[in-house]
Amino acid sequence: MKKAIILYDSLYGNTKKVAMSLTRGLESGGVYVDVISIQELEISELNNYELIGIGGPTHFHGASKQMKSFLSKIKHLRLKNKVGFAFETKADFKFSGSAAKRIVRSLKQMKIPLIHSIITGIVLNKEGPLEDSTSSSMEQIGLIISEKMNNKVN
Ligand SMILES: Cc1cc2nc3c(=O)[nH]c(=O)nc-3n(C[C@H](O)[C@H](O)[C@H](O)COP(=O)(O)O)c2cc1C
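This one's a predicted model, so the numbers in the text were calculated from it and none came from an experiment.

**So, the overall build of the chain**
Part 1 of the argument: Of the regular secondary structure elements, the chain holds four helices and six strands.
Part 2 of the argument: Reading the helices (α) and strands (β) of the chain from amino to carboxyl end gives β-α-β-β-β-α-β-α-β-α.
Part 3 of the argument: In terms of C-alpha radius of gyration, the chain reaches 14 Å, essentially the compact-globule figure of 15 Å for 154 residues.
Part 4 of the argument: Taken over the C-alpha atoms alone, the chain extends approximately 40 × 30 × 25 Å along its principal axes.
Part 5 of the argument: Taken across its 154 residues, the chain has 49% of its residues classed as buried.
Part 6 of the argument: Counting only contacts in the chain whose residues sit at least 6 apart along the sequence, the fraction spanning at least 24 positions is 80%.
Part 7 of the argument: Roughly 8200 Å² of accessible area belongs to the chain as shown, and the carbon and sulfur atoms make up 51% of that amount.
Part 8 of the argument: Side-chain charges in the chain split into 22 positive and 14 negative, and the spacing between the mean points of these groups amounts to 11 Å.

Written out as structure tokens, the structure reads:
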């Protein structure tokens, strides 16, 4: 069974909800998933997973302070045979920026290839809620990622 870890930062719980929906999708595709906040992760644990998903809220057009400090702790790691993806939540306006772009940059520094493009959940207000269709669309994306993983030969 393929193993995934989904790491999230979340001030009001919306990004955590996205993490949980992605998890349900991955699980429905037969992937084992651990979901952990970036504050709780034991960095040495990352070696145990083939898929690493990292996501957080967009703050001041980029990643949150907590996420930036987490990424600076892990970006020097050289983990073998992993794939990754980045997700984010943000408001739906032209200059909202992107937390996930920063995460993608760190995944690239870690030489972890991306299995999916940036995944974005839209919040209707700063504290949520997420757009109505978010949980089903995120489950769908989780399932698509699981299918890509299961098709990988190794
Ligand atoms: C300090 C702060 C700064 C924010 N800056 C942005 C921003 O630049 N762009 C944006 O789209 N949303 C911004 N937001 C809204 C957040 O993206 C939103 O609170 C977040 O997606 C909710 O996710 P969470 O419940 O996981 O914290 C900001 C929110 C906070 C608290």
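**So, the site of the ligand**
Part 1 of the argument: Lining the immediate surroundings of the ligand are 18 residues, of which Ser 10, Asn 14, Thr 15, Thr 89 and Lys 126 lie closest.
Part 2 of the argument: Contacts to the ligand include Thr 89, whose side-chain N or O atom sits 2.6 Å from an oxygen atom.
Part 3 of the argument: At the level of secondary structure, the elements contributing two or more residues to the shell around the ligand comprise helix 1 (14-28), strand 3 (51-59) and strand 5 (83-91).
Part 4 of the argument: Among the residues forming the shell around the ligand, the class breakdown is seven nonpolar, nine polar and two charged.

**Let's talk about the nonpolar core**
Part 1 of the argument: Formed by 23 residues in total, the largest nonpolar core has its most connected members in Leu 7, Leu 46, Ile 52, Ile 54, Met 67, Phe 70 and Ile 74.
Part 2 of the argument: Elements supplying a minimum of two residues to this core: strand 1 (3-8), strand 3, helix 2 (65-74) and helix 3 (99-109).
Part 3 of the argument: If one sorts the elements of this core by residue count, helix 3 sits on top with five residues.
Part 4 of the argument: Residue contacts for Leu 7: discarding those within four places in its chain leaves Ile 36, Ile 38, Leu 41, Leu 46, Ile 52, Gly 53, Ile 54, Gly 55, Phe 70 and Phe 87.
Part 5 of the argument: Val 18, Leu 130, Met 138 and Ile 141 belong to the second largest nonpolar core, which has 21 residues in total.

**Structural notes on the environment of Glu 50**
Part 1 of the argument: By secondary structure assignment, the location of Glu 50 is in the loop between strand 2 (32-37) and strand 3.
Part 2 of the argument: We classify Glu 50 as partly exposed; its relative accessible area is 26%.
Part 3 of the argument: Expressed as a C-alpha distance, the spacing of Glu 50 and Gly 84, which sit 34 residues apart in the sequence, is 8.4 Å.
Part 4 of the argument: If we skip the residues at most four places from it in the chain, Glu 50 touches Met 1, Lys 2, Lys 3, Asn 81, Lys 82, Val 83 and Met 149.

Conventions we followed
Residues numbered from 1 in each chain as written. Predicted model: local features only at pLDDT ≥ 70, side-chain atom pairs only at ≥ 80, totals over all residues. Heavy atoms only, no water. Helix = DSSP H or I, 4+ residues; strand = E, 2+ residues; numbered from the N terminus. Rg over C-alpha atoms; globule rule 2.2 N^0.38 Å. Buried < 20%, exposed > 50% of the residue type's maximum accessible area, 1.4 Å probe, protein only. Contact = heavy atoms within 4.5 Å. Areas by Shrake-Rupley, 256 points an atom, 1.4 Å probe, with all protein chains shown as cover. Lys, Arg positive; Asp, Glu negative; His and termini not counted. Charge placed at Lys NZ, Arg CZ, Asp CG, Glu CD. Near = heavy atom within 4 Å. Polar contact = N/O pair within 3.5 Å; in protein donor to acceptor, adjacent residues only side chain to side chain. Nonpolar A, V, L, I, M, F, W, Y, C, P; charged D, E, K, R; others polar. Core = buried A, V, L, I, M, F, W, Y, C linked by side-chain atoms within 4.5 Å.

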